[in-house]
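# Close look at the chain arrangement
Residue strings, one per chain:
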Amino acid sequence: MQVSLEQVTKENYEAVCDLDVTEEQQDYVATNMWSLVEAMFNEGYETRAICVHQRPVGFLMWVKESMEKVSIWRFMVDQHHQQQGIGRIALNLALEQIKQSPGLQQIEICYNPKNPVAKDFYASFGFVEVGMDEEGEDMLAVIQL
């Protein structure tokens, strides 16, 4: 399976917007359309289509909070492509790209603490839980570089 991270472009943004998670996951993930709008109007936001054989099957967005810190704000794989290892490959690719940022010291991600899969999944990449975010809604986990 050939998984890649591609720029979101005029040619593929509709396919990215059409991707969706399962009904049970709806409360855990913002829509891709909203994320693309956020990225369009805010500096330092990076978006990528997760593609299998050049076809979008997922979405990632990360934000450069400072020279030292990048936050992964969005990460989803379409409901029809889950449980195939695509998310694991895509997150590895994203972390490789993010780590190329000069001066980077920390990568963080937040997730709903009620999400039964998130803690173990992110821990397998080296993310360590550090407590709830500023709003007290999501668990914050970090990789220190």
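None of these values were measured; they are calculated from a predicted model. (Residues numbered from 1 in each chain as written. Predicted model: local features only at pLDDT ≥ 70, side-chain atom pairs only at ≥ 80, totals over all residues. Heavy atoms only, no water.)

### Description of the overall build of the chain
Selection criterion: Per the convention used, a helix needs a DSSP run of H or I reaching at least four residues, while a strand needs a run of E reaching at least two, with both numbered from the N terminus. Values of the radius of gyration come from C-alpha atoms, whereas the globule rule sets the reference at 2.2 Å times the count of residues to the power 0.38. Each accessible area is a Shrake-Rupley estimate made with a 1.4 Å probe; only the visible protein chains count as cover when residues are assessed. His is not counted, nor are the chain ends, whereas Lys and Arg count as positive and Asp and Glu as negative. Every charge is mapped onto a representative atom, which is NZ of Lys, CZ of Arg, CG of Asp or CD of Glu.
For the chain, the count of helices and strands is 4 helices and 7 strands. Taken from N to C terminus, the helices and strands of the chain fall in the order β-α-α-β-β-β-α-β-α-β-β. Relative to a compact globule of 145 residues, whose C-alpha radius of gyration would be 15 Å, the chain shows 14 Å and is just as compact. Projecting the C-alpha coordinates of the chain onto the three principal axes gives extents of approximately 35 × 35 × 30 Å. As presented, the chain carries roughly 8600 Å² of accessible surface, and 48% of it is formed by carbon and sulfur atoms. A gap of 5 Å separates the mean positions of the 10 positive and 23 negative side-chain charges of the chain.

### Here we look at helix α2 (residues 32-40)
Put simply, the rule reads: Three labels apply to residues, based on accessible area from a 1.4 Å probe with only protein chains included: buried if under 20% of the type maximum, exposed if over 50%, partly exposed otherwise in between. Note that the arc is computed from the directions linking the helix axis to the C-beta atoms. Throughout, a residue-residue contact means that at least one pair of heavy atoms, one from each residue, lies within 4.5 Å.
Buried within α2 we find Asn32, Ser35, Leu36, Glu38 and Ala39. Down the axis of α2, the buried set is contained in an arc of 160°. They therefore lie on one face. Those residues of α2 that are exposed and aimed more than 90 degrees away from the buried face are Met33 and Met40. Where α2 is buried, its residues meet α1 (13-18), β2 (45-52), β3 (55-64) and β4 (69-77).

### A few points about the packing of aromatic side chains
Short version of the rule: In summary, the pairing rule links any two rings of Phe, Tyr or Trp, Trp by its six-membered ring, whose centres are within 6.5 Å, and it sorts them by plane angle into stacked for under 30 degrees, edge-to-face for over 60 and tilted for everything else.
Per the stated rule, a full pass over the model turns up 7 aromatic pairs. Summarising the aromatic geometry, the rings of Phe75 and Phe121 are spaced 6.1 Å apart at their centres and angled 20° between planes, so their arrangement reads as stacked. Remark: Phe121 occurs in helix α4 (residues 118-123) and Phe75 occurs in strand β4; sequence separation between them is 46 residues. Assigned by exposure class, Phe75 and Phe121 land together as buried. Here the aromatic residues Phe75, Tyr111, Phe121, Tyr122, Phe125 and Phe127 are joined through ring pairs into a cluster of three or more.

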